[in-house]
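Commentary on secondary and tertiary structure
Each chain, written out:
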Amino acid sequence: EPAWRHWTAPSAIRTLDILSERHIRYAAAKGWVGETTDAGIQWNEQQWMAPDSTFPSFRASGWNGKAWFVASIASPGWIGRCTDLNTVPEWVHQDTDETVFFDAMAWWNPEEGLVFGDPVSGCLTLLVTRDGGTTWRAVDCEDVPPHEPGEAGFAASNGNIAISGDTAWVFTGGRASRCLR
């Protein structure tokens with residue numbers, strides 16, 4: 001039998017997280033999430049419905065070593081989490097601004113994480129958690145580099161953020177593209 005298997009996802013996959021050698025999760029459009037716990041032999045998918053009865057499209061996800069998180073695009077912006085043992089979402093953050101769009105997520109450690117998103121009211125979105133993702137707060141606009149006209153996060157499916165040591169790197173795109181540290 002070949003080392004690869006053919007399988008078709010129910011929606012466009014946007015993110016992928018490796019929880020262990022055999023346990024992999026993905027987040028996709030239209031609320032779809034999926035996982036394998038046997039290194040890809042079988043996949044289990046389900047569609048997550050947010051509390052407002054919508055199926056958010058996910059573009060960012062992350063594993064902090066204790067829980068798995070997803071963040072959505074478009075308004076309302078949602079952050080959901082679940083443990084490594086289940087895929088039942090707990091919705092831990094909602095943003096109802098009409099321009100919200102979460103682009104990427106990364107974790108320093110199990111307690112401290114970061115979500116980056118497009119500008120809202122002229123300020124690049126930067127959410128931080130220091131309690132393992134139970135609560136998220138927006139970093140004050142004056143503590144975020146000033147937004148350049150035409151600048152946004154590029155929707156690179158969680159690919160424009162990285163953390164190394166105590167440093168977070170975020171890349172922006174659009175008419176103005178920068179590397180923020």
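Everything numeric in this text was worked out from a predicted model, so none of it was measured. (Residues numbered from 1 in each chain as written. Predicted model: local features only at pLDDT ≥ 70, side-chain atom pairs only at ≥ 80, totals over all residues. Heavy atoms only, no water.)

Glancing now at the packing of aromatic side chains. By the definition in use, this model includes eight aromatic pairs. Taken together, a centroid distance of 6.0 Å and an interplanar angle of 50 degrees make the contact between Y26 and W43 tilted. Pair noted here: Y26 is in strand β2 (residues 24-28) and W43 is in the loop between β3 (32-36) and β4 (44-47), with a separation of 17 residues, a long-range link. The buried category is assigned to Y26, whose relative accessible area is 1%. An aromatic cluster is defined as three or more aromatic residues linked by ring pairs; in this entry it consists of W48, F58, W68, W78 and W91. (Phe/Tyr/Trp six-rings, centres within 6.5 Å; stacked < 30°, edge-to-face > 60°. Helix = DSSP H or I, 4+ residues; strand = E, 2+ residues; numbered from the N terminus. Buried < 20%, exposed > 50% of the residue type's maximum accessible area, 1.4 Å probe, protein only.)

It is worth spelling out the sheet that holds strand β9 (residues 102-107) at this point. The sheet built from four strands is open, its strands ordered β9-β10-β11-β12 with antiparallel pairing. Every interior strand has two partners, whereas the edge strands, β9 and β12 (137-138), have only one. Strand direction decides the pairing type here: strand β10 (residues 113-120) and strand β11 (residues 123-129), joined by six bridges, are antiparallel. Opposite V120, over in β11, you have C123 as the bridge partner. (Pairing = 2+ DSSP bridges.)

Moving on, we get to the nonpolar core. Looking at soluble globular proteins, one finds that nonpolar side chains tend to be buried together. Among the nonpolar cores identified, the biggest contains 14 residues, and F116, L126, V144 and I161 are the most heavily contacted of them. For this core, the elements supplying multiple residues, two or more each, are β9, β10, β11 and β15 (167-174). Tallying contributions element by element places β11 first for this core, with four residues. Listed in part, the 13 residues of the second largest apolar core include A71, W107, V115 and W136. (Core = buried A, V, L, I, M, F, W, Y, C linked by side-chain atoms within 4.5 Å.)

With that settled, the discussion passes to the pairing of strand β1 (residues 13-18). Both faces of the sheet carry side chains from a regular strand, because those side chains alternate between them. Where β1 lies against β2, five bridges are found, and the strand directions are antiparallel. When the sheet's bridge partners are listed, T15 is paired in β2 with A27. If you look at the hairpin formed by β1 and β2, you'll find five residues sitting between the two strands.

This brings us to the pattern of salt bridges. The full count for this structure, using the stated rule, is six salt bridges. Here E112 ties to R130 by a salt bridge, and the two come within 3.0 Å at their closest N and O atoms. Within this pair, whereas E112 is found in the loop between β9 and β10, its partner R130 is found in the loop between β11 and β12, the two being separated by 18 residues in sequence. We classify E112 as partly exposed; its relative accessible area is 25%. For E151, the salt bridge goes to R178, with nearest N and O atoms at 2.8 Å. Of this pair, E151 sits in strand β13 (residues 151-153) while R178 sits in the loop between β15 and β16 (179-180), and the two are 27 residues apart along the sequence. The buried category is assigned to E151, whose relative accessible area is 2%. Take R178: its relative accessible area is 23%, and that puts it in the partly exposed class. Each member of the salt-bridge network shares a partner with another, and the members are E148, E151 and R178. (Salt bridge = Lys/Arg side-chain N within 4 Å of Asp/Glu carboxyl O.)

With that settled, consider the sheet that holds strand β6 (residues 67-72). Pairing is antiparallel across the open sheet formed by four strands, whose spatial order is β5-β6-β7-β8. Each having just a single partner strand, β5 (58-63) and β8 (90-95) make up the two edges of the open sheet. Within this sheet the neighbouring strands show an average axis-to-axis angle of 15 degrees, counted without direction. In the sheet, β5 pairs with β6 via five bridges, with the strands oriented antiparallel. (Axes fitted to C-alpha atoms, helices over the stretch in contact; angles between N-to-C directions.)

In short, geometric facts, not functional conclusions.
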